[in-house]
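The chain contents come next:
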Amino acid sequence: MNGHEKSDPIVVAMKPANKAGRPVAEPVERRVGTKGNAGQHNTRRAQNRESVTQALARVRQAARTRKKERFTALLHHIDVDLLRIAFLALQRKAAPGVDGLTWRDYEAELEPRLTDLHARVHRGAYRPQPSRRTYIPKADGKQRPLAIAALEDKIVQGATVLVLNAIYEEDFLGFSYGFRPGRGPHDALDALVVGIDSRKVNYILDADIRSFFDEVSQEWLVRFLSHRIGDPRIIRLIQKWLKAGILEDGVVTTSDKGTGQGSMISPLLANVYLHYVFDLWAARWRRREATGDMIILRYADDLRCGQTWEARAWQAGNLQLPGLHVHLRQVSQGRLLALQEVPRRPHAGETPGRSGRIATATASDDPPARGMAEADRQRLLQLPCGADQ
């Protein structure tokens, strides 16, 4: 009963790791397929998610091995299966957009709706609706504006993010943590603690960009996307979302700035923009200019830079980003010390004397840096500053 038959393999084949790439998961055994199917690795199986994963894995591999490749055929990856995956990933109880559709409403006729949506996207008939403006309270008592997209816009944006992540996750640098698969705020905090504990870091440059999601240049964003995305249909989709506008108090407003904070596509677009504007510059500066130990960490529009010498930390803050709001903090035995504060310069258009301060520190004890500290501090104070996000 347990003897070898014709179809029984003599040697058990090994299955590659479940999660290819970095880090690699532990390999496990698999069963040999039926005779005649051994070479058919890309055949479509009952679970469509596997075929989608295989297709995106090929995009990821191409992005990893060809760093200057412009991907000219991406829209075909946004098929019904990927749209379904994007729909199932949405929050069931999320607030509806201007269409009033909830997740449960759409699920009731899911397959015909997805088939129709797929057809409209591929023939160019898909038109995004304006996002509904809402506000959520911030810790400082202010309100943060959010843009709630219509349900179908969330689906198409989510599917597009899955495709673009296959490319950009191979490009983004290691110190970028915000809104990336498998990374979160706790990972960023862990990296910061390890950097402070394991490196000779005495000063932390703490910066954020004022109203980044509302002020980012759409023109430059599209130019940055075009470095890797050569499919004009994907670029047009993104431009449609950027130009769809915001509905507030019955009025739709459009702008050539901003990414619509709160939309599915916005975090990825923000990371792409800051990858070219900050990350590549910071990596080059650390490699060619920085002296002593240095750590860099970015979570969306929040930046942290740790340096051994105070003057070098000030120099790292001289990147001319509009609305850059900077603090310098001293580190002692893994703790951030409370530092003397001086009034900051008002942001352009801001009323002088408005409350707001920038933390500074005394001159460094490092002899080569001591003479530079005051001049670098004064240059830093010339940067446009804004209120904390």
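Structure's up top.
Cut-offs applied
- Residues numbered from 1 in each chain as written.
- Predicted model: local features only at pLDDT ≥ 70, side-chain atom pairs only at ≥ 80, totals over all residues.
- Heavy atoms only, no water.
- Helix = DSSP H or I, 4+ residues; strand = E, 2+ residues; numbered from the N terminus.
- Buried < 20%, exposed > 50% of the residue type's maximum accessible area, 1.4 Å probe, protein only.
- Contact = heavy atoms within 4.5 Å.
- Pairing = 2+ DSSP bridges.
- Axes fitted to C-alpha atoms, helices over the stretch in contact; angles between N-to-C directions.
- Salt bridge = Lys/Arg side-chain N within 4 Å of Asp/Glu carboxyl O.

Chemist: Tell me about the overall build of the protein chain, and please be specific about residues and values.
Modeler: Summing up its helical and strand segments, the protein chain has 12 helices and 13 strands in all. When burial is assessed residue by residue, the protein chain has 43% of its 389 residues classed as buried. Taking as baseline every contact in the protein chain between residues at least 6 positions apart, the subset at least 24 positions apart corresponds to 71%.

Chemist: Which residues make up the sheet that holds strand β4 (residues 143-148), and what values do they have?
Modeler: Within a sheet, adjacent strands bond to each other through the backbone by hydrogen bonds, running parallel or antiparallel. Pairing is mixed across the open sheet formed by 4 strands, whose spatial order is β4-β3-β6-β7. Each of the sheet's edge strands pairs with one partner strand only, and the pair in question is β4 and β7 (251-253). Strand-to-strand twist across the sheet, computed as the mean angle between neighbouring axes with direction ignored, equals 40°. Of the strand pairs in this sheet, strand β6 (residues 246-248) and β7 are connected by 3 bridges, and their pairing is antiparallel.

Chemist: Give me the pattern of salt bridges: which residues, what numbers.
Modeler: Tallied over the entire structure, the rule returns 14 salt bridges. For E69, the salt bridge identified is with R66, shortest N-O distance 3.2 Å. A residue is classified by how much of its surface remains accessible, and E69, at 28% relative accessible area, is partly exposed. Residue classification places R66 among the partly exposed positions, given a relative accessible area of 41%. Across the pair D171 and R228 runs a salt bridge whose closest N-O atoms are separated by 2.8 Å. Pair noted here: D171 is in the loop between α5 (151-168) and α6 (185-198) and R228 is in the loop between α8 (218-225) and α9 (232-243), with a separation of 57 residues, a long-range link. Like R228, D171 is buried.

Scope: geometric values only; no functional claims are made or implied.
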